[in-house]
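Single-letter residue listing:
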Amino acid sequence: MREINRIIVHCAATPNGQVFTAEDVLHWHTDPKPRGRGWKHAGYHFVIELDGKASPLVALDDDRFIEPWEIANGAKGYNQDSVHVCLIGTDRFTEAQWDTLHRLVADLGLRFPGATVHGHREFNPHKICPGFDVSLWLTEPARIEREHLLDSVEDDG
Ligand SMILES: [Zn+2]
């Protein structure tokens, strides 16, 4: 297993409560320009959808591992030893998403002992990504989740 030193949390910067899937993110990143960004791989290892489903987009297994420098998005300059987790939405997330984020971050922490958890914006002050302070979330999860809880999901009707 490659060395992973950071778990970096992102948001998709999609309208809060609007349903998008990991598949959508994959298209946005890898479809040829101008429809997509034309990247070789998705920019996140996992996407957490509104219903709490976490879908892997980039493999972490050694035999199928994509070299982190091939990750075009992520956090520039920090991709070689980071795992990227993206929440659909901007700054309000469902209870299911918060639950999954907890579980996924804990699982990744066990898998990569010593990895520290960050928000993308810690590495790029020009970004708001994700729409909450990850270091505060780590120390006061209940408060941050309450402040950034999405209570209604728009359906298509
Ligand atoms: Zn980001």
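Just so you know, these numbers come straight off a predicted model, no measurement behind them.

Our next topic: the overall build of the chain. Of the regular secondary structure elements, the chain holds four helices and five strands. Secondary structure elements of the chain, listed N to C terminal, follow the sequence β-α-β-β-β-α-β-α-α. Within the chain, residue pairs in contact and separated by at least 24 positions form 65% of the contacts whose partners lie at least 6 positions apart.

Here we come to the nonpolar core. Val25, Tyr44, Val47, Leu57 and Cys86 are the most contacted members of the largest nonpolar core, which totals 31 residues. Counting only elements with at least two residues in this core, the list comes to β1 (6–11), α1 (22–30), β2 (46–48), β4 (82–87), α2 (95–111) and α3 (134–139).

The bulk of non-glycine residues show a negative phi, and the bulk of peptide bonds are trans. Residue Pro34 is bonded to the preceding Lys33 through a cis peptide linkage, with omega at 0°. Inspection of the secondary structure assignment puts Pro34 in the loop between α1 and β2. Here the amide bond leading from Cys129 into Pro130 is cis, since omega sits at -10°, within 30 degrees of zero. Relative to the helices and strands, Pro130 resides in the loop between β5 (116–119) and α3. In the Ramachandran plot, Ala13 falls in the positive-phi region, its phi being about 60° despite a non-glycine side chain. Along the polypeptide, Ala13 turns up in the loop between β1 and α1. You can call Ala13 partly exposed: it has 15 C-beta atoms within 10 Å.

Next up on the list: the sheet that holds strand β3 (residues 54–56). Whenever strands of a sheet pair, they do so through backbone hydrogen bonds, lying parallel or antiparallel. Read across the sheet, five strands follow the order β3-β2-β4-β1-β5 without closing on themselves; strand pairing throughout is mixed. A single partner strand is all that each edge strand has here, and the edge strands are β3 and β5. Neighbouring strand axes in the sheet, compared pairwise and without regard to direction, differ in orientation by 25° on average. For β1 and β5, the ladder comprises four bridges, and the chain directions are parallel. Within the sheet, the bridge partner assigned to Val9 lies in β5 and is Gly119.

Looking at where Arg146 falls in the secondary structure, it is placed in helix α4 (residues 141–147). Residue Arg146 is classed as exposed on the basis of its 10 C-beta neighbours within 10 Å. Residues Arg146 and Arg92 lie 54 residues apart in sequence; the distance between their C-alpha atoms is 9.4 Å.

With that settled, the discussion passes to α2. With 17 residues, α2 ought to run about 24 Å at 1.5 Å a step, and its terminal C-alpha atoms sit 24 Å apart, in line with that. Turning to α2, its buried residues number three or more, namely Gln97, Trp98, Thr100 and Leu101. All buried residues of α2 lie within an arc of 160° about the axis, which places them on one face of the element. Exposed and facing more than 90 degrees away from the buried side of α2 are Glu95, Ala106, Asp107 and Leu110. Contacts from the buried residues of α2 go to β2, β3, β4 and α4.

This paragraph deals with the environment of His120. Following the sequence through the fold, His120 ends up in the loop between β5 and α3. Under the C-beta neighbour-count criterion, His120 is labelled buried, with 23 such atoms within 10 Å. Along the backbone, His120 and Asp133 are 13 residues apart, and their C-alpha atoms lie at a distance of 9.8 Å. Residues contacting His120, with those up to four places away along its chain left out, are Ile8, Val9, His10, Ala75, Lys127, Cys129 and Pro130.

Scoring rules and cut-offs
- Residues numbered from 1 in each chain as written.
- Predicted model: local features only at pLDDT ≥ 70, side-chain atom pairs only at ≥ 80, totals over all residues.
- Helix = DSSP H or I, 4+ residues; strand = E, 2+ residues; numbered from the N terminus.
- Contact = placed C-beta atoms within 7 Å.
- Core = buried A, V, L, I, M, F, W, Y, C linked by C-beta atoms within 7 Å.
- Buried ≥ 20, exposed ≤ 12 C-beta atoms within 10 Å, placed from the backbone.
- Pairing = 2+ DSSP bridges.
- Axes fitted to C-alpha atoms, helices over the stretch in contact; angles between N-to-C directions.
- Expected span 1.5 Å × (residues − 1).
- Arc of directions from axis to C-beta.

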